[in-house]
Amino acid sequence: PNTQARDAKPRLLLMGLRRSGKSSIASVVFHKMPPNETLFLESTTRIQKDSIHSFMDFQVWDFPGQLEYLEPSFDLEDIFGSLGALVWVIDAQDDYLDSVARLNRTILTVQQYYPGINIEVFIHKVDGLSDEFRTDIYQDIVQRISDELSDAGYENAPVHYYLTSIYDYSVFEAFSKVIQKLIPNLSTLENLINTLGNNCGFEKTYLFDVLSKIYIASDTRPVDMACYEMCSDYIDVIVDVSELYSWDHPERRPKGDQIQEAESHVVLHDDTMIHLMEMNKYLCLVSVIRNRESKEKRGLIDLNCRTFQDGLNEVFSRRWEQLEETNHLDGG
Ligand code: GDP
């Protein structure tokens, strides 16, 4: 039952050559490490399965490293069996031909046995590169991979590319897109968020994984980076005020009796309101409100957010039951 329960979470595996930035990405996204401090990370695979108590299950593997998984003796099922996405990190500031060649071999293997796994290519460390150079590298990498895939007859393989850096929000944005592809009821969720937004006059609403600040869904209006950053920073403020927060951090277990979910809002200097409501132990809903009339209807906002919470928990009910079970087992 334990394995089954784990399967309820989207499972991600981060792979790539040594020094490509995998541990840095994991540390910045899941452990709130300031990007500059990653300079001192040992290049090891310290991030282990289950060390991250988040909406998703996440592992980091060096490749090549302790394993050559393409060897016939390796248990592919064990690695890829329940995987949702394979995130491959390429250091764009380094010579990437070896990494691309290994990635191509990996995609061919994965496509052959597990065609459902999304291959997500992070063209990483682009902060040091000029716009023009970024574009060139991006096109070159995409070309090298798609050529190889079409030669092998896998033109339609689910391979996607992102330009990322730990020094801005791009890595969070990329992960958000990766995760959203693994949410089975994404369009239902988006519809719920759209309805909520229309009823409350929200300009933009995100459903965040609190720990990683990756958003697993949002309304379908265009994504505005400034809005995202504001909402994401606000989560940090609220989570830091741990008294307001009903779950022990980072263990994500209830501290004694559960108090009501955290709910909070702030009005910024330009009259923008940010409204946050915790939905369950992993997720919280953060909205940006600029319309003056809407801001005055706090009661309505809270009521509608509660209704949304019910809808959300219904969408995920099977998933949450399974997660509860996992938590129970882990806590024993
Ligand atoms: P790993 O072996 O793949 O886990 O790589 P590390 O996470 O240890 O990173 C290797 C080096 O790359 C470290 O010095 C990081 O500070 C650096 N690094 C990681 N991500 C970025 C990034 O987005 N931009 C830049 N400029 N450096 C990065």
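Criteria and cut-off values
Residues numbered from 1 in each chain as written. Predicted model: local features only at pLDDT ≥ 70, side-chain atom pairs only at ≥ 80, totals over all residues. Heavy atoms only, no water. UniProt positions renumbered as here; feature names shortened; annotations may be inferred. Core = buried A, V, L, I, M, F, W, Y, C linked by side-chain atoms within 4.5 Å. Buried < 20%, exposed > 50% of the residue type's maximum accessible area, 1.4 Å probe, protein only. Helix = DSSP H or I, 4+ residues; strand = E, 2+ residues; numbered from the N terminus. Contact = heavy atoms within 4.5 Å. Phe/Tyr/Trp six-rings, centres within 6.5 Å; stacked < 30°, edge-to-face > 60°. 1 Å grid on protein atoms, 1.4 Å probe; cavity = no way out; pocket = protein on both sides within 12 Å on 5 of 7 lines; lining within 4 Å. Points joined across faces, edges and corners; volume = space filled by probe spheres on them. Patch = residues over 30% accessible without salt bridge, like charges linked within 9 Å, V, L, I, M, F, W, Y side chains within 5 Å. Areas by Shrake-Rupley, 256 points an atom, 1.4 Å probe, with all protein chains shown as cover. Salt bridge = Lys/Arg side-chain N within 4 Å of Asp/Glu carboxyl O.

Taking an unreviewed UniProt entry as the reference, the protein is identified by name as GTP-binding protein belonging to Penicillium frequentans. Per UniProt, the protein has the following entry under Sequence similarities (unreviewed entry): "Belongs to the GTR/RAG GTP-binding protein family." For the protein, the Subcellular location (unreviewed entry) comment in UniProt is given as "Endomembrane system".

Colleague: An account of the nonpolar core is needed here, citing residue identities and associated values.
Modeller: Membership of the largest hydrophobic core comes to 64 residues, with the highest contact counts inside it found for Phe175 and Leu207. Element by element, the count of residues in this core is highest for helix α8 (residues 225–240), at seven residues. The residues touching leucine 207, leaving out its near neighbours within four places in the chain, are Leu189, Ile193, Ile214, Tyr215, Ile216, Ala217, Met279, Leu283, Cys284, Leu285, Phe308 and Leu312. Leu13, Trp88, Ile90 and Ile107 belong to the second-largest nonpolar core, a separate cluster that totals 29 residues.

Colleague: Which residues make up the packing of aromatic side chains, and what values go with them?
Modeller: For the structure shown, the criterion picks out 13 aromatic pairs. A centroid spacing of 6.1 Å and a plane angle of 45 degrees characterise the contact between tyrosine 169 and phenylalanine 172, whose relative ring orientation is tilted. Judged on exposure class, the residue tyrosine 169 and its partner phenylalanine 172 are both buried. Considering the side-chain rings of tyrosine 215 and tyrosine 228, the 5.5 Å spacing of their centres and the 55 degrees angle between planes classify their relative orientation as tilted. Of the two residues, tyrosine 215 sits in strand β7 (residues 214–218) while tyrosine 228 sits in helix α8, which places them 13 residues apart along the sequence. Overall, the relative accessible area of 3% leaves tyrosine 215 in the buried class. A relative accessible area of 0% means that tyrosine 228 is categorised as buried. Members of the aromatic cluster, joined through ring pairs, are Tyr169, Phe172, Tyr206, Phe208, Tyr215 and Tyr228.

Colleague: Which residues make up the layout of surface pockets, and what are the values?
Modeller: Empty space within the second largest pocket amounts to approximately 220 Å³. Looking at the second largest pocket, it is lined by 16 residues, and the ones nearest its centre are Val28, Lys32, Phe172, Lys213 and Asp236. For the lining of the second largest pocket, the elements supplying multiple residues, two or more each, are α2 (22–31) and α8. With three residues, α8 is the single largest residue contributor to the lining of the second largest pocket.

Colleague: Residue-level account of a nonpolar patch on the surface, with values.
Modeller: Together, Leu39, Phe40 and Tyr167 give the surface a local cluster of nonpolar side chains, amounting to about 390 Å² of exposed area. The residue phenylalanine 40 is located in the loop between α2 and β2 (57–62) in this model.

Colleague: Residue-level account of the environment of phenylalanine 316, with values.
Modeller: Along the chain, the position of phenylalanine 316 falls in the loop between α10 (298–315) and α11 (317–331). Spatially, the C-alpha atom of phenylalanine 316 lies 9.6 Å from that of proline 184, the residues being 132 residues apart in sequence. If near-sequence neighbours (up to four positions away) are discounted, phenylalanine 316 is found in contact with Phe55, Ile183, Leu189, Ile216 and Leu283.

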